[in-house]
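Next come the chains, spelled out residue by residue.
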Amino acid sequence: EMIHMLQNMYVSKDPTERMMALGLMDRIFYAHEAMDRLPKLLSRWTPGTYSREYLCDLVECTHVTLKLLDANAERCKSALSDETDRKRPNDALERMNITASEFDQNAYFMRKFVSNQIVFMHIQLLSRYSVNSPHVNRHIAAYFIRLCKFKINK
């Protein structure tokens, strides 16, 4: 619910809500000691321990998080002009935009969301395709599509 609230704040037309969303994202994802708890929740999942509904919630939360990070990276890169002095940002918003534009969401995905266990978790949920809601199945497919775009180094 909180990640959905963050997403709603991020896309809000109210500049105050948008600024609050950027501040929260800065603290959750981009800070030196980020407070992102989703990777920990994913790593603690074990088959037979948690319900299918909990697994659906994890998959949806993962999807929303990755979409939010992708959208913010695009927005921040386009917001920063070539003339922006990246060494001395003038205000907090500019600093957050610089930090977000330098954040490597692909490395974050590979480091935090790709493991045998997490892939197996998605496979387990996909095996219940006929029972899952359509949006959960789309989120699973989106995860595997994103995963297929990466080259595995030996």
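Remember, it's a predicted structure, so these values are computed and weren't measured experimentally. (Residues numbered from 1 in each chain as written. Predicted model: local features only at pLDDT ≥ 70, side-chain atom pairs only at ≥ 80, totals over all residues. Heavy atoms only, no water.)

Asker: If you had to explain the environment of isoleucine 152 to someone new, which residues and values would you point to?
Answerer: Within the secondary structure, isoleucine 152 sits in the segment after helix H8 (134-148). Of the residues examined, isoleucine 152 reaches a relative accessible area of 72% and is grouped as exposed. Residues isoleucine 152 and arginine 95 lie 57 residues apart in sequence; the distance between their C-alpha atoms is 33 Å. (Helix = DSSP H or I, 4+ residues; strand = E, 2+ residues; numbered from the N terminus. Buried < 20%, exposed > 50% of the residue type's maximum accessible area, 1.4 Å probe, protein only.)

Asker: Which residues make up the packing of aromatic side chains, and what values go with them?
Answerer: The tally for this structure, following the rule as stated, stands at eleven aromatic pairs. The ring of tyrosine 10 has arginine 18 sitting right over it, with the charged end atom 4.4 Å from the ring centre. The ring of phenylalanine 109 has arginine 146 sitting right over it, with the charged end atom 5.5 Å from the ring centre. (Phe/Tyr/Trp six-rings, centres within 6.5 Å; stacked < 30°, edge-to-face > 60°. Lys NZ or Arg CZ within 6 Å of the ring centre and 35° of its normal.)

Asker: Help me get a handle on the side chain of arginine 146, residues and values and all.
Answerer: Its place among the elements puts arginine 146 in helix H8. Separated by 2.5 Å, the side chains of arginine 146 and aspartate 70 make a polar contact. Apart from residues no more than four positions distant in its own chain, arginine 146 is found in contact with Leu66, Asp70 and Phe109. (Polar contact = N/O pair within 3.5 Å; in protein donor to acceptor, adjacent residues only side chain to side chain. Contact = heavy atoms within 4.5 Å.)

Asker: Which residues make up a positive patch on the surface, and what are the values?
Answerer: A contiguous patch of positive charge, built from Arg27, Arg37, Lys40 and Arg44, is present on the exposed surface. Looking at where arginine 27 falls in the secondary structure, it is placed in helix H2 (residues 15-30). (Patch = residues over 30% accessible without salt bridge, like charges linked within 9 Å, V, L, I, M, F, W, Y side chains within 5 Å. Areas by Shrake-Rupley, 256 points an atom, 1.4 Å probe, with all protein chains shown as cover. Salt bridge = Lys/Arg side-chain N within 4 Å of Asp/Glu carboxyl O. Lys, Arg positive; Asp, Glu negative; His and termini not counted. Charge placed at Lys NZ, Arg CZ, Asp CG, Glu CD.)

Asker: I'd like a rundown of the nonpolar core, residues and numbers included.
Answerer: The biggest cluster of nonpolar side chains holds 34 residues, and the ones touching the most others in it are Met25, Phe29 and Met121. Of all the secondary-structure elements, those providing two or more residues to this core are helix H1 (2-10), H2, helix H3 (38-44), helix H4 (52-79), helix H5 (92-102), helix H6 (105-112), helix H7 (116-126) and H8. Per-element accounting of this core gives the leading share, nine residues, to H4. In contact with methionine 25, other than residues within four places in its own chain, are Leu6, Tyr10, Tyr30, Leu68, Leu69 and Asn72. (Core = buried A, V, L, I, M, F, W, Y, C linked by side-chain atoms within 4.5 Å.)

Asker: Got a sec to walk through the side chain of aspartate 36? Specific residues and values, please.
Answerer: Tracing the backbone shows aspartate 36 in the loop between H2 and H3. Of the buried charged residues, aspartate 36 lacks a salt bridge, with lysine 112 as the closest side chain of opposite charge at 6.6 Å. Dropping the residues within four chain positions of it, aspartate 36 is found in contact with Ile28, Phe29 and Tyr108.

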